[in-house]
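# Understanding the architecture of this molecule
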Protein chains: 2
Amino acid sequence: MATVRDVSSKLDSIDIALIEALQANARTPIAELGRKVGLSQPAASERVRRLEDIGVIVGYGVRLDPAALGLATEVSMRVRTSFDRFRPCVEHLKGVPEVVQLRRLTGEECLDLTVRLPDTVALEAVIDDIGRFGDVRTAVVLHAEPPKPLGRTLIRGCGARRA
Amino acid sequence: MATVRDVSSKLDSIDIALIEALQANARTPIAELGRKVGLSQPAASERVRRLEDIGVIVGYGVRLDPAALGLATEVSMRVRTSFDRFRPCVEHLKGVPEVVQLRRLTGEECLDLTVRLPDTVALEAVIDDIGRFGDVRTAVVLHAEPPKPLGRTLIRGCGARRA
DNA sequence: CCTGAAATCAGTAGGGA
DNA sequence: TCCCTACTGATTTCAGG
């Protein structure tokens, strides 16, 4: 398994600025990226490549509007299953397209999933499907704040709370 | 506000292929994108621009490894608060850097948050901070599957405008 | 980390199925 | 309507300092 090393101490303020700029728009040309952080284009290019090489940047993705794609309904589910049903349950859930996020948690409700659906009508089939593996608690997402990027307030002020 | 229109019926198979390619790597040059889906560079460029214009593509982001940034601990929290404390709670949580995701749910535990931290030591302060607004149930994320992209298996109703 | 040259890429114009 | 080829400017990469 991959040994995930914390390399944040090897990052300077320019690296963080590059990361923040890429969070805002990952398709920003490297040249403009360099302008934003006060570097020449080749220097910025090498920085970004280094961030990829050391594993800070894993990849680049596109932000989509699920509602525009006909997937307006988001549901959060918690599953409580038995010890011997856990593995089969996870393997099954990994193959369910509607399950867009799957996390194992501490506690009795050991699985947390986020489900994307066109409407609540489609929810019934998913609940029945997953219910075979254990108790399911379902909650519809009424409103979701846009995910917060990992900025310098988090990376540097680790654990910093308002004083 | 959110006049979110479902435009998935206006998307064809090529649009979905472009979206999937951008999910895999949002920094793919448009020219190579066109090669992947069997289109010339200008055609691919116009397609992508159209996907942006109609609101399917909201933006482009970078995927980071939180552990490499010194944020190895992920925590899922559920907050149960009272009617009059709800709004202040949300406003407060929106300003907490460690809260990277914030969703309002149906049911009694009306708030679901994901928190990013360097370690469990930093968790105590967050729990105490949020606990002022109501009952908090906390679970550490032991393992998270990589988020599943919204692919063609999910997006249906793609009325074939063209093949 | 900067400058400069070669290759690739992006945006526009014009024409065709 | 949608697509393709050609052209011009911008961008990226690689070399050398």
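Think of each chain on its own: its residues are numbered from 1, step by step along the sequence as written. The naming scheme follows written order: chains are lettered A onward, ligands numbered 1 onward. Thresholds applied to this predicted model are a pLDDT of at least 70 for local features of residues and 80 or more for the giving and counting of side-chain atom pairs; totals over whole chains, interfaces and linings are not thresholded and use all residues. Only hydrogens and water are set aside; all other atoms, that is, all heavy atoms of the structure, feed into the side-chain values.

The name that an unreviewed UniProt entry assigns to chain A is Lrp/AsnC family transcriptional regulator, with the source organism given as Sphingomonas corticis.

Turning to the overall build of chain A, a few remarks are in order. Secondary structure counts use DSSP, requiring at least four H or I residues in a row for a helix and at least two E residues in a row for a strand, with both numbered from the N terminus. Along chain A, the regular secondary structure elements total 6 helices and 5 strands. For chain A, the spread of C-alpha atoms along the three principal axes comes to 55 × 35 × 35 Å. Categorising residues by exposure relies on relative accessible area from a 1.4 Å probe, with only protein chains included: less than 20% of the type maximum marks a residue as buried, more than 50% marks it as exposed, and the intermediate range marks it as partly exposed. By residue count, 44% of the 163 residues in chain A fall in the buried class. Here, two residues are considered to be in contact whenever any of their heavy atoms come within 4.5 Å of each other. Nonlocal contacts in chain A, meaning residues at least 24 apart in sequence, comprise 65% of its contacts between residues at least 6 apart. About 8,400 Å² of surface is accessible on chain A, with carbon and sulfur atoms providing 53% of the total. For the charge count, each Lys or Arg is scored as positive and each Asp or Glu as negative, with His and the chain ends excluded. A charge is said to be at NZ when it belongs to Lys, at CZ for Arg, at CG for Asp and at CD for Glu. In chain A, the 24 positive side-chain charges and the 22 negative ones have mean positions that sit 8 Å from each other. Note on areas: Shrake-Rupley with a 1.4 Å probe; residue coverage comes only from the protein chains shown.

This next bit is on the relation of the copies chain B and chain A. In superposing the copies, a least-squares fit is computed on C-alpha atoms, taking residues whose pLDDT is at least 70 in both. For the pair chain B and chain A, the superposition axis carries a translation of 0.0 Å, the fit reaches an RMSD of 0.2 Å, and the rotation angle comes to 180 degrees. Overall, the copies show the geometry of a two-fold rotation axis. Taken as a fraction of all interface residues of chain B, those also at the interface in chain A reach 90%, which identifies the copy contact as same-surface.

Moving on: the nonpolar core. Nine residue types can take part in a nonpolar core, namely buried Ala, Val, Leu, Ile, Met, Phe, Trp, Tyr and Cys, and a core is a set of them joined through side-chain atoms within 4.5 Å. Core analysis: the biggest nonpolar cluster contains 53 residues, and Val56 of chain A together with Val56 of chain B have the highest contact counts within it. The element contributing the most residues to this core is helix 1 (residues 13-24) of chain B, with 6 residues. Beyond its immediate stretch of four places on either side in the chain, valine 56 of chain A contacts Val7, Leu11, Ile19 and Leu51 of chain A together with Arg63, Leu64, Asp65, Ala68 and Leu69 of chain B. Within the second largest apolar cluster, 20 residues are counted, among which are Cys89, Val90, Ile130 and Phe133 of chain B.

Moving on, we get to the UniProt feature "domain: HTH asnC-type" (unreviewed entry) in chain A. The positions that UniProt labels "domain: HTH asnC-type" (unreviewed entry) are, in the present scheme, residues 11-72 of chain A. Here residues 11-72 of chain A is 53% helix and 13% strand, with 39 Å between the C-alpha atoms at its ends. UniProt positions are given in the numbering used here, feature names are shortened, and annotations may be inferred rather than shown by experiment.

Bringing the environment of glycine 34 of chain A into the picture now. All names here are of chain A. Among the structural elements, glycine 34 can be located in helix 2 (residues 30-37). On a C-alpha basis, the gap between glycine 34 and alanine 44 in space is 5.1 Å, while along the polypeptide they are 10 residues apart. The residues contacting glycine 34, other than those within four sequence positions of it, are Leu39, Ser40 and Ala44.

At least two bridges found by DSSP between two strands are what make those strands a pair. In terms of strand pairing, strand 3 (residues 99-105) of chain A meets strand 5 (residues 134-144) of chain B through 3 bridges, oriented antiparallel. The residue bridging leucine 105 of chain A from the neighbouring strand is valine 141 of chain B, located in strand 5 of chain B. Pairing analysis gives 7 bridges linking strand 2 (residues 73-81) of chain B to strand 5 of chain B, with the strands arranged antiparallel. Bridge assignment links valine 79 of chain B to a residue of strand 5 of chain B, and that residue is valine 136 of chain B.

The next point concerns helix 1 of chain B. Here the expected length of a helix is defined as 1.5 Å per residue gap, with one fewer gap than residues. Here helix 1 of chain B contains 12 residues, and its C-alpha end-to-end distance of 17 Å stays within 8% of the 16 Å for a straight helix at 1.5 Å per residue. Every buried residue of helix 1 of chain B is listed here: Ile14, Asp15, Ile16, Leu18, Ile19, Ala21, Leu22 and Gln23 of chain B. Elements in contact with the buried residues of helix 1 of chain B: strand 1 (57-64) of chain A together with helix 2 (30-37), helix 3 (41-53) and strand 1 (57-64) of chain B. Between a side-chain oxygen at the N-terminus of helix 1 of chain B and the backbone nitrogen of isoleucine 14 of chain B the separation is 3.1 Å; the capping residue is aspartate 12 of chain B. N or O atoms closer than or at 3.5 Å make up a polar contact, with two conditions inside protein: a donor-capable atom paired with an acceptor-capable one, and, for residues adjacent in sequence, both atoms drawn from side chains.

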